[in-house]
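So you can see what is in the structure, the chains are spelled out below.
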Amino acid sequence: MRFRTLTISRQYGSGGARIASIVAARLGWRLLDSKILDAVAQATRINPSVIQTHDERVTSWFHRLNRDALRSAALMAFLPCRDEEFFDADCMVSFTRKVIEEAHSDGGCVVVGRGAQCILDGCADVFRVFVYAPVAQRLHSVRLRTKEDIKEEQLNEVDAERARYIHAYFGRHWQDLDLYDLMMSSKHGDEITASTILRAMGSERATSGEAVP
């Protein structure tokens, strides 16, 4: 198999993270999802809860204005500033890019979201997937996981933020066909979706114990 890295972008509630985990396990590759947040927290020495609030988010112009004003005021008053006061989505995407690029350099990894399909765009050894699903399936999945009565509007809000993230930091459209080697629905289940992705990659581990013809 000529691919060394797989990126999985996903609609909220489509099961993309679970599917990524299945694929990583079958390939024996590292899974980079929440571990990306852990790596950024370790590198910056910032509380993981702060890191999580900026994950796949966009820093607003108002926040940037306040951040820069706070930094200037602190410098003028010779006051120390905690890094957490200045850490935002702009910082997050910078550190995330570094983590993803290093993981790709090492090879053998599955990266979930975080603009990896854009960061690694043009790399011939990267296979890029977008996973989507019917609204009813996504609602059921998220409600089961969160134990909350999630509405369709909330699904759309999360997806809209992910789309803004891709556009703001990478200048691309989240569902741009040119960004992906494969776009597929997970409506037939996680295992079948994972097997289809592996077949498309040319892996001999498309299903447990089954070789690709």
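Remember, it's a predicted structure, so these values are computed and weren't measured experimentally.

Which residues make up the side chain of Arg-138, and what are the values?
Structurally, Arg-138 is set in helix H7 (residues 135-146). For Arg-138, the side chain forms a polar contact with the side chain of Asp-159, separated by 2.6 Å. In this structure Arg-138 touches Gln-11, Tyr-12, Gly-13, Ser-14, Ala-133, Leu-155 and Asp-159, once residues within four positions along its chain are discounted.

Explain the packing of helix H1 (residues 16-27) against helix H9 (residues 190-201) to me, and be specific about the residues and the numbers.
Direction vectors running N to C along H1 and H9 enclose 55 degrees, while the axes themselves pass 9 Å from each other. Regarding the angle of H1 to H9, the classification is oblique. Crossing of H1 over H9 shows right-handed handedness. When H1 is examined against H9, the residues Arg-18, Ile-19, Ile-22, Val-23, Arg-26 and Leu-27 are found in contact with a partner set consisting of Asp-190, Glu-191, Thr-193, Ala-194, Ser-195, Ile-197, Leu-198 and Met-201.

Just give me the short version of empty space enclosed by the protein, but keep the residues and values in it.
In the structure shown here, the tally under the stated rule is 1 cavity of 30 Å³ or more. What the largest cavity holds in volume is close to 50 Å³. Forming the boundary of the largest cavity are Ser-9, Arg-10, Glu-56, Gly-113, Arg-114, Gly-115, Gln-117, Arg-162, Tyr-165, Ile-166 and Trp-174. Of all the secondary structure elements, the ones that give two or more residues to the lining of the largest cavity are strand S1 (5-10) and helix H8 (152-170). Considering every element that reaches the lining of the largest cavity, the biggest residue donor is H8, with 3 residues. Partitioned by chemical class, the residues of the lining of the largest cavity number 3 nonpolar, 4 polar and 4 charged.

Account for the pairing of strand S4 (residues 126-132), naming residues and giving values.
On a regular strand, one side chain projects to one face of the sheet and the next to the other, so that they alternate. Of all the 7 residues making up S4, 6 are buried; the element is thus mostly covered by neighbouring parts of the structure. Bridge count for S1 against S4 is 6 bridges, and the pairing is parallel. Paired with Arg-10 across the strands is Val-131, a residue of S4. Direction of pairing for S4 relative to strand S5 (residues 182-185): parallel, over a ladder of 4 bridges. Among the inter-strand pairings, Val-131 is bridged to a residue of S5, identified as Met-184.

I'd like a description of the packing of aromatic side chains, backed by residues and values.
Summed over the entire model, instances satisfying the criterion amount to 5 aromatic pairs. An angle of 65 degrees between the planes, with centres 5.1 Å apart, marks the rings of Phe-3 and Phe-127 as edge-to-face. In this pair, Phe-3 is assigned in the segment before S1 and Phe-127 in strand S4, connecting sequence segments 124 residues apart. The two residues Phe-3 and Phe-127 agree in class, both being buried.

How would you explain the sheet that holds S1 if you had to name every residue and give the values?
In space, the 5 strands of this open sheet follow the order S2-S3-S1-S4-S5, with parallel pairing throughout. Two strands close off the open sheet at either side, each with one partner strand: strand S2 (30-32) and S5. For this sheet, the mean inter-axis angle between neighbouring strands, taken without regard to orientation, is 20 degrees. Two strands pair when backbone bridges link them, and S1 and strand S3 (residues 109-112) are joined in this way by 4 bridges, in the parallel orientation.

Account for helix H5 (residues 89-106), with residues named and values stated.
Each α-helix turn comprises 3.6 residues. Residues three or four places apart therefore point the same way. In this model H5 runs 26 Å from its N-terminal to its C-terminal C-alpha over 18 residues, within 8% of the 26 Å that 1.5 Å per residue would give. The backbone nitrogen of Asp-90 has a side-chain oxygen 3.1 Å away, supplied by the residue at the start of H5, namely Asp-88. Positive phi shows up at Gly-107, right after H5, with a value of about 85 degrees.

Tell me about the pairing of S1, residues and numbers included.
Buried residues dominate S1, accounting for 6 of its 6 residues. A two-sided burial pattern is seen for S1, the buried positions comprising Thr-5, Thr-7 and Ser-9 on one face and Leu-6, Ile-8 and Arg-10 on the other.

How each quantity is defined
Residues numbered from 1 in each chain as written. Predicted model: local features only at pLDDT ≥ 70, side-chain atom pairs only at ≥ 80, totals over all residues. Heavy atoms only, no water. Helix = DSSP H or I, 4+ residues; strand = E, 2+ residues; numbered from the N terminus. Polar contact = N/O pair within 3.5 Å; in protein donor to acceptor, adjacent residues only side chain to side chain. Contact = heavy atoms within 4.5 Å. Axes fitted to C-alpha atoms, helices over the stretch in contact; angles between N-to-C directions. Parallel < 35°, antiparallel > 145°, perpendicular 65-115°, else oblique. Left-handed = near helix turned anticlockwise from the far one by under 90°. 1 Å grid on protein atoms, 1.4 Å probe; cavity = no way out; pocket = protein on both sides within 12 Å on 5 of 7 lines; lining within 4 Å. Points joined across faces, edges and corners; volume = space filled by probe spheres on them. Nonpolar A, V, L, I, M, F, W, Y, C, P; charged D, E, K, R; others polar. Buried < 20%, exposed > 50% of the residue type's maximum accessible area, 1.4 Å probe, protein only. Pairing = 2+ DSSP bridges. Phe/Tyr/Trp six-rings, centres within 6.5 Å; stacked < 30°, edge-to-face > 60°. Expected span 1.5 Å × (residues − 1).

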